[in-house]
Amino acid sequence: MMNLWRNPVVRASVYQAVAILAVAWLAYAGLRNALDNLAARGISTGFRFLVNEAGFVISETPPIPQQLGWVACAVGAAALLITAAYVGKRFSRLRPFAPSKRLSLVLSLAVIAVALAQVEWTRYQPTGSYLDALLTGLSNTITVALLGCVGATVIGFVMGIFQLSTNWLLRNSARVATELCRDIPLLVHVMFWYATILNFFPPVREYMSVLGLVHICNRGLYLPVITDFKIDQITTLLVTGGAVVALAAAVFGRTKLSLILALLASAVLISTASWDFPELQGFNIVGGAAIRPEFAALLFGLLAYHSAFIADIVVSGIKSVPIGQIEAAYSLGLRRLPALRLVVIPQALRVVVPPLSLQYLGLAKNTSIGVAIAFPDLVGVSRTVLYQTGQAIEVMLLVMVFYLAVSFSIALATNMFNQTVQIKGW
Amino acid sequence: MYTTRWLGKLATTFAFALCALPEAYAQTAQSPTLASIVSRGTLNCGVYPNFPGFETLDRDGNYVGFDVDFCKAVAAAANVQLKVVPLTATERFPALVGKSVDMLAMVTTRTASRDFGNGLQFAPVTFYDGQGFVTRTKNKIKSAKELSGATICVLQGTTSELNLADWLRANSLKLNAVTFASEDELLRAYEANRCDAFTGGIAIIAGRRTNFRDPAEHIILPEVISKEPLAPVTAEGDEKWSKIVAWTIFATMIAEEKDVTAANVEQIAKDSPDPELRRLFGKSGSIARDMGMDPDWAMRAIKAAGNYREIFERNLGAKTPLRLERGLNAQWDKGGLIYAPPFR
């Protein structure tokens, strides 16, 4: 017995087991305690409330999937694919893995495509369920997070490169702008943009109009949208023919011809479209698509704040490239832009990507600030749901799981991208 | 010798046990919430940070208002200090159920789902309200049904949010709703013309209207789209405490019926011949003891807050900026719904 205990492996395993048991017991005791207390206070538990009718109005209702089973199927296939890719990479040195890997890729992609094709998309109505309401919130969160990440990256890169410009005015205005945006809390950014939009743009009765097509007032930016195409056989022929020839021209290197043909084809297509134009009717502008002030204010706030940090990250990345590399590029005869694109940025990315992914994570989570300005993001909607149902623990758990999923996806994507920019073989 | 001593001990123990019996009985009968309030010396009462007429800060930084007066009455009845705890709409039920506060008096609508699902015990209704709409006078509309296509601002987590959706569906109106988490942000957005109207309990929005630059530019539309019985709330699980809060509220209503005011309550408590008042003020009967209170509880409550009429007129009535009529909140014999059960 004593000998067994002297064995470090056995000892370590015992310690581990004890620790795991202790943690599991704590978790169980906490859960048991919470459930007992809820029962004692007459609060119902469980997720049954999710199918009940929500009954409240949400101001922004992007499409949400109706068949969650198929979405889960697609997500599962994607997860399998990623796991397979990782495992394949891990063991590829040991034995050739390529054929089965390719097969798994094709199979998983097929499963994902089929699953997603089964899903019908709807928009939330007050008759929808609490789950629909939460999904609408999640959908709003994801929309802002995606647009925010893309926009902040573009603005951040431009501002970062401007900060290193040789032009005095450009360099210093970029620096001042970055410094200003970085030093103001995000909440203030968002409130500032919201107040600005509400007070700067005219009220709805005195809306501004661009060409009579796009209307702007403090309730939103209203754009005309295409609702349908009236396609007959001639237009089908013209459009597909144009597209095929344009593709062929592109393949054979006739870029200009291809562009002109593509433009012509799309012009023919658009000429058959039926449009929905926004116009003032009664209290509001109706028709078209609207970008609402809450959405715009949240997005602008996030862009201003996070692009400032991304600009700093880009500056540090570019500065990490030894000056000799740039000189070498110039001495090879490369101009400024190609030198930047081919020599500096690929090396800078190694330094830029890890902190950049943290910014993406921060941005995705900071969308929750939308609560302050009536944007119905996940947190905003969940607060109403929490209120109407009183199921605090369940709703908070769901919200946490949703955020975890969003953050985990971002982390996964940026990690995979990071692997492609790292020095190979490390 | 030994036996007698032993018997003596037994007798003493028995005697002690006998004496302790009523004591122990009283212990089990007393409300645990009341006991902790008394030992702490303060009643923690949850209110909104700012709700004109119902709970606001006066110039000296003290909370005053219709709801606060009921907190005061309960604190005085328990003979403890009142500590007003400002809470938001989202915090209030968890704070109450988690025992951070002993009661809420924060314009809370009683509904079935709140009664059964949230561990709440509603006290008697102190204010019968209904949901209405405020809009700009210059919109020139006379009925909420003319609001078709308008944008309405609504406060998150209130029954107004659900009533609005129900009412829209019942009348097949299409409206855009913008849901704000904070009242201040909502009012700012309404003032900036982000919405054409906002909705809420009529008494509440009447109070909000007083905050606008020119209250006359805004009108309350005549439609009342819901029943909003506003009542203080206690947590489920301590029936005795809930009943004490309920009967403190009833006491203010009985006091109005019998014309007992804060000014004359001491006199009346001392020498009124009215049998109900004698029971209420602990001069006859044992109701106070059964409640776990001392006989003067009702006298203190009315001295601190006044009767129901005084509370109403002081905070919401004709002489206040809200200028509300008694309406549904008149006594039952004057065409209203305020009706206290008999104190016997």
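Look up a bit, the structure's there.
The structure contained in this document is the topic of the report that follows. This one's a predicted model, so the numbers in the text were calculated from it and none came from an experiment.

1. Re the interface of chain B and chain A
Stage number 1. Taken together, the 40 residues of chain B in the interface contact 37 residues of chain A.
Stage number 2. For the pair chain B and chain A, the two sides together bury roughly 3,200 Å², of which 49% comes from carbon and sulfur.
Stage number 3. When residues of chain B are sorted by the area they lose upon contact with chain A, T90, R169 and R194 of chain B head the list and together hold 19% of the total.
Stage number 4. In this structure, the connection of chain B to chain A is made through three salt bridges.

2. What about helix α2 (residues 8-40) of chain A?
All names here are of chain A.
Stage number 1. In this model, α2 (33 residues) spans 47 Å end to end at C-alpha, consistent with the 48 Å of a helix rising 1.5 Å per residue.
Stage number 2. The residue sitting at the N-terminus of α2 and contributing the capping side-chain oxygen is N7; that oxygen lies 2.9 Å from the backbone nitrogen of V9.
Stage number 3. Positive phi appears at G42, one or two residues downstream of α2, with a value of about 75°.

3. A look at the packing of aromatic side chains
Stage number 1. Under the counting rule described, the total for this entry stands at 27 aromatic pairs over all chains.
Stage number 2. Taking 6.0 Å as the distance between ring centres and 50° as the angle between the ring planes, the aromatic pair formed by F295 of chain A and F375 of chain A counts as tilted. Note that F295 of chain A is positioned in helix α10 (residues 293-319) and F375 of chain A in the loop between α12 (336-366) and α13 (378-389), a separation of 80 residues in sequence.
Stage number 3. For F375 of chain A, a relative accessible area of 2% corresponds to the buried category.
Stage number 4. Ring centres of F54 of chain B and F127 of chain B lie 5.5 Å apart, and the angle between their planes is 80°; on these two criteria the pair is classed as edge-to-face. In this pair, F54 of chain B sits in the loop between β1 (42-47) and β2 (56-57) while F127 of chain B sits in strand β7 (residues 127-129), placing the two residues 73 residues apart along the sequence.
Stage number 5. For F127 of chain B, a relative accessible area of 4% translates into the label buried.

4. Comments concerning the state of the cysteines
All names here are of chain B.
Stage number 1. Evaluated as defined, the whole model comprises two disulfides over all chains.
Stage number 2. Between the sulfur atoms of C45 and its disulfide partner C71 the distance amounts to 2.1 Å. Residues C45 and C71 are joined through a disulfide that is left-handed, its torsion about the S-S bond being -55°. Highlighted residues: C45 in strand β1 and C71 in helix α3 (residues 66-77), separated in sequence by 26 residues.
Stage number 3. With a relative accessible area of 0%, C45 lands in the buried category.
Stage number 4. Note on C71: relative accessible area 0%, which makes it buried.
Stage number 5. The side chain of C153 participates in a disulfide bridge whose partner is C195; the two sulfur atoms lie 1.8 Å from each other.

5. What to know about the side chain of T261 of chain B
Stage number 1. Among the structural elements, T261 of chain B can be located in the loop between α9 (239-257) and α10 (265-271).
Stage number 2. Beyond its immediate sequence surroundings of up to four residues, T261 of chain B is in contact with I302, N307 and E310 of chain B.

6. A few points about the nonpolar core
General note: in soluble globular proteins, nonpolar side chains tend to be found buried as a group.
Stage number 1. Core analysis: the biggest nonpolar cluster contains 81 residues, and L43, F54, F66, F127, L280, F281 and W297 of chain B have the highest contact counts within it.
Stage number 2. Sort the elements by how many residues they give to this core and α9 of chain B lands first, with ten residues.
Stage number 3. Aside from chain neighbours lying at most four places away, what touches W297 of chain B is A77, W247, T248, A251, L280, A288, M291 and F343 of chain B.
Stage number 4. Residues A152, F295, A297 and I326 of chain A belong to the second largest nonpolar core, which totals 71 residues.

7. A few points about the packing of helix α8 (residues 233-251) of chain A against helix α9 (residues 255-271) of chain A
Residues and elements named next belong to chain A.
Stage number 1. The geometry of α8 relative to α9 is characterised by a closest axis approach of 8 Å and an angle of 160° between their N-to-C directions. What the angle tells us is that α8 and α9 run roughly antiparallel. The crossing of α8 and α9 is left-handed. Contacts between α8 and α9 pair T235, L238, V239, G242, A243, V245, A246, A249 and A250 from the former with L257, S258, L261, A262, A265, V268 and L269 from the latter.
Stage number 2. Class assignment of the residues belonging to the contact of α8 with α9 gives a composition of 13 nonpolar, three polar and no charged.

8. A look at the pairing of strand β5 (residues 103-109) of chain B
All names here are of chain B.
Stage number 1. Across the seven residues of β5, seven count as buried, placing the element largely inside the fold.
Stage number 2. Across two bridges, the pairing between β1 and β5 is parallel. Paired with G46 across the strands is L104, a residue of β5.
Stage number 3. Looking at chain direction, β5 and strand β13 (residues 228-235) are connected through three bridges and run antiparallel. The partner of T108 across the bridge, within β13, is A231.

9. Re the environment of G30 of chain A
Residues and elements named next belong to chain A.
Stage number 1. Examined against the element boundaries, G30 turns out to sit in helix α2.
Stage number 2. Take G30: its relative accessible area is 39%, and that puts it in the partly exposed class.
Stage number 3. As a C-alpha pair, G30 and G55 span 25 residues in sequence and 33 Å in three-dimensional space.

10. Side note on the environment of N167 of chain A
Stage number 1. Mapped onto the secondary structure, N167 of chain A falls in the loop between α5 (130-163) and α6 (168-182).
Stage number 2. Side-chain polar atoms of N167 of chain A contact the backbone nitrogen of L170 of chain A, separated by 3.3 Å.

11. Quick notes on the pattern of salt bridges
Stage number 1. With the rule as written, the count across this model stands at 19 salt bridges over all chains.
Stage number 2. In this structure, E179 of chain A engages R182 of chain A in a salt bridge whose closest nitrogen and oxygen atoms are separated by 2.7 Å. Residue E179 of chain A and its partner R182 of chain A are located together in helix α6, separated by three residues, close to a single helical turn.
Stage number 3. Since its relative accessible area comes to 37%, E179 of chain A is described here as partly exposed.
Stage number 4. Residue R182 of chain A is classed as partly exposed on the basis of its relative accessible area, which comes to 24%.
Stage number 5. Between K303 of chain B and E266 of chain B there is a salt bridge whose closest N-O contact spans 3.3 Å. Residue K303 of chain B is located in helix α13 (residues 297-305), and its partner E266 of chain B is located in helix α10; the two are separated by 37 residues in the primary sequence.

Cut-offs used in this document
- Residues numbered from 1 in each chain as written.
- Chains lettered and ligands numbered in written order.
- Predicted model: local features only at pLDDT ≥ 70, side-chain atom pairs only at ≥ 80, totals over all residues.
- Heavy atoms only, no water.
- Contact = heavy atoms within 4.5 Å.
- Buried area = accessible area lost by both parts, 1.4 Å probe.
- Salt bridge = Lys/Arg side-chain N within 4 Å of Asp/Glu carboxyl O.
- Helix = DSSP H or I, 4+ residues; strand = E, 2+ residues; numbered from the N terminus.
- Expected span 1.5 Å × (residues − 1).
- Polar contact = N/O pair within 3.5 Å; in protein donor to acceptor, adjacent residues only side chain to side chain.
- Phe/Tyr/Trp six-rings, centres within 6.5 Å; stacked < 30°, edge-to-face > 60°.
- Buried < 20%, exposed > 50% of the residue type's maximum accessible area, 1.4 Å probe, protein only.
- Disulfide = S-S within 2.5 Å.
- Core = buried A, V, L, I, M, F, W, Y, C linked by side-chain atoms within 4.5 Å.
- Axes fitted to C-alpha atoms, helices over the stretch in contact; angles between N-to-C directions.
- Parallel < 35°, antiparallel > 145°, perpendicular 65-115°, else oblique.
- Left-handed = near helix turned anticlockwise from the far one by under 90°.
- Nonpolar A, V, L, I, M, F, W, Y, C, P; charged D, E, K, R; others polar.
- Pairing = 2+ DSSP bridges.

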